[in-house]
Amino acid sequence: MDKLRVEILDSREALGRAAASEAGELLRRLISEKGEATAVFAAAPSQNEFLANLLLQDVDWTRVRALYQDEYVALDPKHPAGFGNFLDKAIFQKAPFMEVHYLRDGAPEEVIRRYGELLDAHSPDVIFLGVGENGHLAFNDPPVADFEDPARMKVVELDEICRRQQVNDKCFERLEDVPTHALTMTLSQIMNIPAALAMVPGTLKAEAIRRALEEEISTACPASILRRHPNAMLFLDLDSASKLTRKEASL
């Protein structure tokens, strides 16, 4: 689809294996060429199969620097739905990373300043993405998405569809428990990262994927911008691809 390579697998597990294999090969190549790699992770249940299979790849994690894309504002730092906590459990504490940089420590403006300095010092090589039910990338929901955003990190207000997704994902019990604001990596920063892999399984993402791939590239569906990325791959399963009007399944 335009510049975006799309692969459709027959199950969530197959999606996770295929994406992890691609990511492992990329990380090995970066380490071979540069001596290290800087990767930006997504935190969501949609990433579970990918992260589990990524840990099985032959990667020298002592040469990988880990960042992540977004974090809730004003959430208890120990809350299990916090994205740093999710990633700790899923991968950060299961591999000997060279460095892990968190978004949960300090006031939002301090975190933005610190992450800005980090991005200056260690420009990311690859970003691992999910796509939201409203088509968001990171927490760039349609009302706040900006393809030409001058910022690299910012505080955003989350729209209701995004907040309801957190309940659908069983990260929170009730809508009123979901924070209303979050820190996020902007779309301009995401698009500036040389390689991007997006893993998007499940029926609840099918309409967002249809819009991202088959409608115009627009902030009405922020994920559509991936079609302009020079080196991006989108991994789907049959459920998330179910509303596409044209597809070939790579089974």
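Residues numbered from 1 in each chain as written. Predicted model: local features only at pLDDT ≥ 70, side-chain atom pairs only at ≥ 80, totals over all residues. Heavy atoms only, no water.

Chemist: When you look at the sheet that holds strand β8 (residues 181-185) in this model, what are you seeing that I'm missing?
Modeler: Sheet strands line up and pair through hydrogen bonds in the backbone, either parallel or antiparallel. Across the sheet, which stays open at both edges, the three strands sit in the order β4-β8-β7 with antiparallel pairing between neighbours. Across the chains shown, the open sheet's two edge strands, defined by having one partner strand only, are β4 (70-72) and β7 (153-157). Taking each pair of neighbouring strands and ignoring which way they run, the sheet shows an average axis angle of 20°. Taken together, the three bridges between β4 and β8 define a ladder with antiparallel strand orientation. Paired with Asp-70 across the strands is Thr-184, a residue of β8. The sheet contacts of helix α4 (residues 108-121) involve β7 and β8, and relative to β7 the element is tilted by about 145°. (Pairing = 2+ DSSP bridges. Helix = DSSP H or I, 4+ residues; strand = E, 2+ residues; numbered from the N terminus. Axes fitted to C-alpha atoms, helices over the stretch in contact; angles between N-to-C directions. Contact = heavy atoms within 4.5 Å.)

Chemist: What is the right way to read the sheet that holds strand β2 (residues 37-41) from this model?
Modeler: Strand order in the open sheet formed by seven strands is β1-β10-β9-β6-β2-β3-β5, and the pairing between neighbours is parallel. Pairing within the sheet leaves two strands with one partner each, and these edge strands are β1 (5-9) and β5 (99-100). By the bridge criterion, four bridges tie strand β6 (residues 126-129) to strand β9 (residues 195-200) in an arrangement that is parallel. Directly across from Leu-129, in β9, lies its bridge partner Ala-198. Along the sheet, helix α7 (residues 206-214) contacts β1, β9 and β10 (232-237); its crossing angle with β10, the most-contacted strand, is approximately 145°.

Chemist: What's the story with the packing of aromatic side chains in this structure? I'm lost.
Modeler: Each aromatic ring pair is characterised by the separation of its centres together with the angle its planes make. Taken as a whole and assessed by the stated rule, the structure comprises 13 aromatic pairs. Ring centres of Phe-41 and Phe-92 lie 5.6 Å apart, and the angle between their planes is 90°; on these two criteria the pair is classed as edge-to-face. Residue Phe-41 is found in strand β2, and its partner Phe-92 is found in helix α3 (residues 83-92); the two are separated by 51 residues along the sequence. Take Phe-41 and Phe-92: they sit in the same class, and that class is buried. Ring centres of Phe-92 and Phe-97 lie 5.6 Å apart, and the angle between their planes is 85°; this geometry places the pair in the edge-to-face category. Note on accessibility: Phe-92 and Phe-97 belong to one class, buried. Site record: aromatic cluster; members linked through ring pairs are Phe-41, Phe-50, Trp-61, Tyr-68, Phe-92, Phe-97, Tyr-102 and Phe-128. (Phe/Tyr/Trp six-rings, centres within 6.5 Å; stacked < 30°, edge-to-face > 60°. Buried < 20%, exposed > 50% of the residue type's maximum accessible area, 1.4 Å probe, protein only.)

Chemist: Help me understand the pairing of strand β3 (residues 64-68), please; the structure alone is not making it clear to me.
Modeler: Taken residue by residue, a regular strand's side chains alternate between the two faces of the sheet. Here β3 lies mainly inside the structure; five of its five residues are buried. Of the two faces of β3, both are covered, the one formed by Val-64, Ala-66 and Tyr-68 as well as the one formed by Arg-65 and Leu-67. One ladder, built from five bridges, connects β2 with β3; its direction is parallel. Bridging from a neighbouring strand, Thr-38 pairs with Arg-65 of β3. In this structure, β3 lies alongside β5, joined through two bridges in parallel fashion. The residue of β5 that forms the bridge with Ala-66 is Val-100.

Chemist: Explain the side chain of Asp-237 here, please?
Modeler: Residue placement: Asp-237 occurs in strand β10. With near-sequence residues (within four places) excluded, Asp-237 lies in contact with Ile-8, Leu-9, Ser-11, Arg-12, Leu-15, Val-200, Pro-201 and Gly-202.

Chemist: Looking at this model, I keep getting lost on the side chain of Arg-163. Mind explaining?
Modeler: Tracing the backbone through its elements, the reader meets Arg-163 in helix α5 (residues 160-168). Lacking a salt bridge, the buried Arg-163 has Glu-160 as its closest oppositely charged neighbour, with an N-O distance of 6.0 Å. For Arg-163, the side chain forms a polar contact with the main-chain oxygen of Pro-179, separated by 3.3 Å. When residues no more than four places from it in sequence are discounted, the contact partners of Arg-163 are Leu-158, Leu-175, Glu-176, Val-178, Pro-179 and Thr-180. (Lys, Arg positive; Asp, Glu negative; His and termini not counted. Salt bridge = Lys/Arg side-chain N within 4 Å of Asp/Glu carboxyl O. Polar contact = N/O pair within 3.5 Å; in protein donor to acceptor, adjacent residues only side chain to side chain.)

Chemist: Quick question: what am I supposed to make of the layout of surface pockets here?
Modeler: Where empty space is left becomes clear once a probe the size of a water molecule has been rolled over the atoms. Approximately 300 Å³ is the volume attributed to the largest pocket. Forming the boundary of the largest pocket are 24 residues, of which Ala-43, Ala-44, Pro-45, Phe-83 and Gln-166 lie nearest the centre. Grouping the constituent residues of the lining of the largest pocket by class yields twelve nonpolar, eight polar and four charged. (1 Å grid on protein atoms, 1.4 Å probe; cavity = no way out; pocket = protein on both sides within 12 Å on 5 of 7 lines; lining within 4 Å. Points joined across faces, edges and corners; volume = space filled by probe spheres on them. Nonpolar A, V, L, I, M, F, W, Y, C, P; charged D, E, K, R; others polar.)

Chemist: When you look at the environment of Leu-30 in this model, what are you seeing that I'm missing?
Modeler: Here Leu-30 is to be found in helix α1 (residues 12-34). For Leu-30, a relative accessible area of 12% gives the class buried. Among all residues touching Leu-30, those that are not within four sequence positions of it are Gly-35, Glu-36, Ala-37 and Asp-125.

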